[in-house]
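# Structure at a glance
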Amino acid sequence: MSTIRCDIVSAEEEIYSGPVSMVVATGEMGELGITPRHAPLITRLKAGQVRVILPSGEEQLFFVSGGILEVQPQVVTVLTDTAIRGKDLDEVAARKAKEEAERILANRTEAIEVAEAQAQLVQALAQLQALERLRKNLKH
């Protein structure tokens, strides 16, 4: 089976690097599936999950806060401010962030606070969706 190297890099650290058979991420225009010999491209990523399918068929899940996905002939690179392994996501913190963002939006304070709250809400929802997908994968 052919593979391509995948690097997932946050502002703090390289969170993943290794051979994969496929990378699935959500770009601005929708979900992307990157396999070996994919055409080179660069696109912005939405906050959400990045799924890495290992050559063994095992799937690893990561949450990213958005960022850039770059595909080159030998490597797929995900650059993001925040990347968290699926198993390290904190459901309680994500639910708390979601509730706080919803509270700010309901009160309609300053425009800057509303924009920050909307961004926080998007990230919290994306983390919760990643957790839900991780739970479904564990059941199979």
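Residues numbered from 1 in each chain as written. Predicted model: local features only at pLDDT ≥ 70, side-chain atom pairs only at ≥ 80, totals over all residues. Heavy atoms only, no water.

## Quick look at the overall build of the protein chain
Tallying secondary structure elements over the protein chain gives 2 helices and 9 strands in all. With 140 residues in all, the protein chain has 38% of them scored as buried. As displayed, the protein chain offers around 8,200 Å² of accessible surface, 51% of which is attributable to carbon and sulfur atoms. (Helix = DSSP H or I, 4+ residues; strand = E, 2+ residues; numbered from the N terminus. Buried < 20%, exposed > 50% of the residue type's maximum accessible area, 1.4 Å probe, protein only. Areas by Shrake-Rupley, 256 points an atom, 1.4 Å probe, with all protein chains shown as cover.)

## With respect to the side chain of Asp-7
Inspection of the secondary structure puts Asp-7 in strand E1 (residues 4–9). Within polar-contact distance, the side chain of Asp-7 engages the side chain of Ser-17 at 2.6 Å. Those residues in contact with Asp-7, other than ones at most four positions away along the chain, are Glu-14, Tyr-16, Ser-17, Gly-18, Val-75, Val-76, Thr-77 and Val-78. (Polar contact = N/O pair within 3.5 Å; in protein donor to acceptor, adjacent residues only side chain to side chain. Contact = heavy atoms within 4.5 Å.)

## Details of unusual backbone geometry
In this model, Arg-37 sits at a positive phi of 70°, which is unusual for a non-glycine residue. Along the chain, the position of Arg-37 falls in the loop between strand E4 (30–34) and strand E5 (41–53).

## Let's talk about the packing of aromatic side chains
Scanning all chains against the criterion turns up 1 aromatic pair. A ring pair is formed by Tyr-16 and Phe-62, whose centres lie 5.7 Å apart and whose planes are at 55°; its orientation type is tilted. Linking Tyr-16 in strand E2 (residues 14–20) with Phe-62 in strand E6 (residues 59–64), this pair joins segments that are 46 residues apart in sequence. Note on accessibility: Tyr-16 and Phe-62 belong to one class, buried. (Phe/Tyr/Trp six-rings, centres within 6.5 Å; stacked < 30°, edge-to-face > 60°.)

## Some details on the side chain of Ser-21
Looking at where Ser-21 falls in the secondary structure, it is placed in the loop between E2 and strand E3 (22–27). By relative accessible area, which is 14% here, Ser-21 ends up buried. In this structure the side chain of Ser-21 is engaged in a polar contact, spanning 3.4 Å, whose partner is the backbone oxygen of Leu-54.

## Here we look at the pairing of strand E7 (residues 67–71)
Both E5 and E7 contribute to a ladder of 5 bridges, which runs antiparallel. Across the sheet, the residue bridging to Leu-41 is Val-71, located in E7. Relative to strand E8 (residues 75–79), E7 is paired through 4 bridges, and the arrangement is antiparallel. The partner of Glu-70 across the bridge, within E8, is Thr-77. The turn linking E7 back onto E8 is made up of 3 residues. (Pairing = 2+ DSSP bridges.)

## Quick word on the nonpolar core
By size, the foremost hydrophobic cluster in this structure holds 20 residues, and its most contacted members are Ile-8, Tyr-16, Val-20, Val-50, Val-52 and Leu-69. Counting residues per element, the ones that place at least two in this core are E1, E2, E3, E5, E6, E7 and E8. Here Leu-69 is in contact with Ala-25, Leu-32, Ile-34, Leu-41, Ile-42, Thr-43, Leu-45, Val-76, Thr-77 and Val-78, once residues within four sequence places are set aside. (Core = buried A, V, L, I, M, F, W, Y, C linked by side-chain atoms within 4.5 Å.)

## Some thoughts on a nonpolar patch on the surface
A cluster of nonpolar side chains, namely Ile-42, Ile-68 and Leu-79, defines an oily patch on the protein surface of about 270 Å² accessible area. Along the chain, the position of Ile-68 falls in strand E7. When its relative accessible area of 33% is taken as the criterion, Ile-68 is described as partly exposed. (Patch = residues over 30% accessible without salt bridge, like charges linked within 9 Å, V, L, I, M, F, W, Y side chains within 5 Å. Salt bridge = Lys/Arg side-chain N within 4 Å of Asp/Glu carboxyl O.)

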